[in-house]
Amino acid sequence: MDLVTLDDISGAAARIAADIVRTPLLAADWGDPRCPLWLKAETLQPIGAFKIRGAFNALGRLDTHTRARGVVAYSSGNHAQAVAYAAAAYGVPAHIVMPEETPAVKVEATRRRGAHVVLCGAGERERTAAELVEKTGAVLIPPFDHPDIIAGQGTIGIEIAEDLPELATVLIPVSGGGLASGIGTAIRALRPKAKIFAVEPELAADTAESLALGSIVEWPVAKRNRTIADGLRSTPSELTFAHLRQVIDDVITVSEDEIRSAVRELALRARLVAEPSGAVSLAGYRKAALPDGSAVAIVSGGNIEPAQLAAILAGG
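None of these values were measured; they are calculated from a predicted model.

(A) Summary view of helix α5 (residues 104-112). Burial in α5 covers these residues: Lys 106, Val 107, Ala 109 and Thr 110. Considered in projection along α5, the buried side chains sweep an arc of 165° and stay on one side of the axis. Elements in contact with the buried residues of α5: α4 (78-90), β4 (94-99) and β5 (116-120). Looking one or two residues beyond α5, the residue adopting positive phi is Gly 114, at roughly 95°.

Structural data, given as structure tokens:
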């Protein structure tokens, strides 16, 4: 199996530069002085999440004729918005499959981008998307299981390495594994001494179990869906798992209360609105014993229901 390389990621960076925000590293001066904290604020992307990087790289790699047929994607929300946004920029149709339990704020945002949204039951995303591909003739843009997606997400790692040469640790949310695979590949190549930690909810800790056992362990959908972090309910693919085994030093698992606390901390201390999935990296920073030196927590997304945010800020 061919893995994504730094050259692939560098090519993606050049390809998408005009379409994405080169997000800042924000100094969090309330962090541990022994392990200074920096926040990579992917919440500042046009769709409020990192997924725009992989979407633009994947669409940009398609030939004009193939792209004109339109695209299909399945996603719990942020990849859906990213593909819809990129498809609109290219002027091609987008058909997006989303689980019925997806937060309404994400469904509505995807529709506002002009995409045709198809809601499906839990665990039916892939099957429904395959049916749409057959029906429409459009091309599938998967949420993480593709080299172009991994390379696009990996552009975050290049930016971190350029902006923080003294990087000691990076903490990355993990679910399907595209983000951690891409960033991990870039950091391993550019800052080989840095430690790379994946962070996931205890209630969806299939990646931690899989890496510990050396093979993919698939948790039932209902089991993974217990976590408040709705963007971290997927299982790694064979492709992403192969990357994770190469680049991840360890996995930190965090509780639901620790995730909620991180959402509050980002809002009140960093003035950043983060969804639970985007806040797990900060929860991991707070929980784990990390090496001395500068640490970067990837704040991967900020698309949260207003009522949920209000409840979390109120201590719920």
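Next comes the rest of the description.
(B) A look at the layout of surface pockets. If you add up the space inside the largest pocket, you get close to 760 Å³. Of all elements in the fold, only α4, α6 (125-136), α7 (147-163), α8 (178-190), α10 (221-224) and α13 (276-287) reach the threshold of two or more residues within the lining of the largest pocket. Looking at the lining of the largest pocket residue by residue, the class counts come to 15 nonpolar, 20 polar and ten charged. Of the domains in this structure, domain 1 (6-49 + 146-314) and domain 2 (53-140) are the two that each give at least three residues to the lining of the largest pocket.

(C) Representation of the pairing of β5. By the bridge criterion, five bridges tie β4 to β5 in an arrangement that is parallel. Directly across from Met 98, in β5, lies its bridge partner Leu 119. In this view, the connection linking β4 to its parallel neighbour β5 by way of α5 has right-handed handedness.

(D) Main features of the side chain of Thr 43. In this fold, Thr 43 is placed in the loop between β2 (37-41) and α2 (52-61). Residues within four places of Thr 43 in sequence aside, it is in contact with Gly 48, Leu 272, Val 273, Val 299, Gly 301 and Gly 302.

(E) Structural detail: unusual backbone geometry. You will see that Arg 271, though not glycine, has its phi angle at about 60°, which is positive. Mapped onto the elements, Arg 271 comes out in the loop between α12 (256-269) and α13.

(F) Structural detail: the sheet that holds β4. Within the open sheet, the four strands sit side by side as β5-β4-β3-β6. Their pairing is parallel. Strands at the two margins of the open sheet, each flanked by one partner only, are β5 and β6 (139-140). Of the strands in this sheet, β3 (71-74) and β4 are in contact with α4, which crosses β4 at around 170°. Across the sheet, α5 touches β4 and β5, and the angle it forms with β5 is around 150°.

(G) Broad picture of the UniProt feature "domain: Tryptophan synthase beta chain-like PALP" (unreviewed entry) in the chain. Under the UniProt annotation, the feature "domain: Tryptophan synthase beta chain-like PALP" (unreviewed entry) is placed at residues 19-301. For residues 19-301, helix accounts for 45% and strand for 18%, while the C-alpha atoms at its two ends are 17 Å apart.

So, how was this worked out
Residues numbered from 1 in each chain as written. Predicted model: local features only at pLDDT ≥ 70, side-chain atom pairs only at ≥ 80, totals over all residues. Heavy atoms only, no water. Buried < 20%, exposed > 50% of the residue type's maximum accessible area, 1.4 Å probe, protein only. Helix = DSSP H or I, 4+ residues; strand = E, 2+ residues; numbered from the N terminus. Arc of directions from axis to C-beta. Contact = heavy atoms within 4.5 Å. 1 Å grid on protein atoms, 1.4 Å probe; cavity = no way out; pocket = protein on both sides within 12 Å on 5 of 7 lines; lining within 4 Å. Points joined across faces, edges and corners; volume = space filled by probe spheres on them. Nonpolar A, V, L, I, M, F, W, Y, C, P; charged D, E, K, R; others polar. Domains from an automatic or database assignment. Pairing = 2+ DSSP bridges. Right-handed = clockwise from strand over helix to strand, strands pointing away. Axes fitted to C-alpha atoms, helices over the stretch in contact; angles between N-to-C directions. UniProt positions renumbered as here; feature names shortened; annotations may be inferred.

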